[in-house]
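Residue-level structure breakdown
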Amino acid sequence: MNMGFVNVLILAIAFAAALPMQSEAGENASPKAARSAKGKTLFIKYCAGCHGAEGNGDGYKLLGPNPANLTAPATKNKSDSDLLATIHEGKPNMPSWKGRLTDRDIQNVLAYIRTLPQ
Ligand code: HEC
């Protein structure tokens, strides 16, 4: 066998093997998972007491508006900026998180909320 051909073959195999790994480790996939993993830790610590560990809104019933069911279509259909505003500003029966959580942590928590199954 001619060595030039072997080299081209090895290059082609190495290239094919490298391609799928590159797209998996690409900009979007893993940072997103890392964000929602961070967000989960924050959610359990700060939000689950009211919203429930699964986000169903069954953590704690209050006088007045009950904690939102974050897995419901009503929440799923809201835009990121709507939900970020609510988390920043709070609601009746929900504290404001602006100043208690960094903007990045609030985005991490929202990234986690977006992964909650319906
Ligand atoms: C003391 C209880 C309490 C805690 C703690 C709490 N929430 Fe809430 N949350 C509520 C209540 C009550 C509502 C609904 C208010 C209403 O309907 O007016 C709500 C609503 C929301 C909404 C709006 C949902 C929608 O469909 O508009 C989001 C998003 C949310 N909470 C996220 C969070 C996050 C994230 C945390 C933790 C950082 C958190 N909440 C902590 C009580 C709480």
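Residues numbered from 1 in each chain as written. Predicted model: local features only at pLDDT ≥ 70, side-chain atom pairs only at ≥ 80, totals over all residues. Heavy atoms only, no water.

Quick look at the packing of aromatic side chains
Quick reminder of the rule: Stacked, edge-to-face and tilted are the three classes for Phe, Tyr and Trp ring pairs, Trp counted by its six-membered ring, which pair at centre distances within 6.5 Å; planes under 30 degrees apart are stacked, over 60 edge-to-face, the rest tilted. Geometrically, a lysine NZ or arginine CZ counts as sitting over a ring once it is within 6 Å of the ring centre and also within 35 degrees of the ring normal.
Scanning all chains against the criterion turns up 2 aromatic pairs. Above the plane of the ring of Trp97 lies Arg100, whose end atom (NZ or CZ) is 5.4 Å from the centre.

Some words on helix 4 (residues 80-89)
Helical periodicity: at 3.6 residues per turn, an α-helix aligns residues three or four positions apart in one direction. To be explicit about the condition: Think of it in three bands: with a 1.4 Å probe and only protein chains considered, a residue is buried below 20% of the maximum accessible area for its type, exposed above 50%, and partly exposed in between. Under the DSSP-based scheme used, a helix requires at least four consecutive residues in state H or I and a strand at least two consecutive residues in state E, with every element numbered from the N terminus. Here, the arc refers to the directions that run from the helix axis to the C-beta atoms. Any two residues whose heavy atoms approach within 4.5 Å are treated as being in contact.
Residues Leu83, Leu84, Ile87 and His88 constitute the buried set of helix 4. Angular distribution of buried residues about the axis of helix 4 spans 140°; they occupy a single face of the element. In the core, the buried residues of helix 4 are packed alongside helix 3 (73-76) and helix 5 (103-113). In the segment just after helix 4, Gly90 is the residue with positive phi, at about 80°.

Focus: the coordination of the iron atom of the ligand
Selection rule: With water omitted from the atoms examined, metal sites may look incomplete; donors here are N, O and S atoms no farther than 2.8 Å from the metal, or 3.2 Å in the case of Na, K and Ca. When four donors show all angles between 85 and 135 degrees the site is tetrahedral, when four or six donors have opposite pairs over 155 degrees and all other angles between 65 and 115 it is square planar or octahedral respectively, and in every other case it is irregular.
Every protein donor of the iron atom of the ligand is accounted for by His51 (NE2) and Met94 (SD), and the metal-donor separations fall at 1.9 to 2.1 Å. Each of the 6 donor atoms around the iron atom of the ligand contributes to a set of angles spanning 85 to 179°, which defines the coordination as octahedral. Linking His51 in helix 2 (residues 29-51) with Met94 in the loop between helix 4 and helix 5, this pair joins segments that are 43 residues apart in sequence. For His51, a relative accessible area of 10% gives the class buried.

A look at the side chain of Ser36
With respect to the element layout, Ser36 can be found in helix 2. With a relative accessible area of 14%, Ser36 lands in the buried category. Beyond its immediate sequence surroundings of up to four residues, Ser36 is in contact with Asn108, Ala111, Tyr112 and Thr115.

Some thoughts on the site of the ligand
Note the threshold: Nearness of a residue to a molecule or strand requires only that one of the residue's heavy atoms be within 4 Å of it. We define a polar contact as two N or O atoms separated by no more than 3.5 Å, with the added condition that, inside protein, one atom must be a possible hydrogen donor and the other a possible acceptor, whereas residues neighbouring each other in sequence contribute only through side-chain atom pairs. Classes in brief: Ala, Val, Leu, Ile, Met, Phe, Trp, Tyr, Cys and Pro nonpolar; Asp, Glu, Lys and Arg charged; the others, Gly included, polar.
Lining the immediate environment of the ligand, one finds 23 residues, of which Cys47, Cys50, His51, Thr75 and Met94 sit closest. His51 places a polar side-chain atom, nitrogen or oxygen, 2.7 Å from a nitrogen atom of the ligand. When residues in the shell around the ligand are grouped by element, the largest group, 4 residues, is from helix 2. Split into classes, the residues belonging to the shell around the ligand amount to 16 nonpolar, 5 polar and 2 charged.

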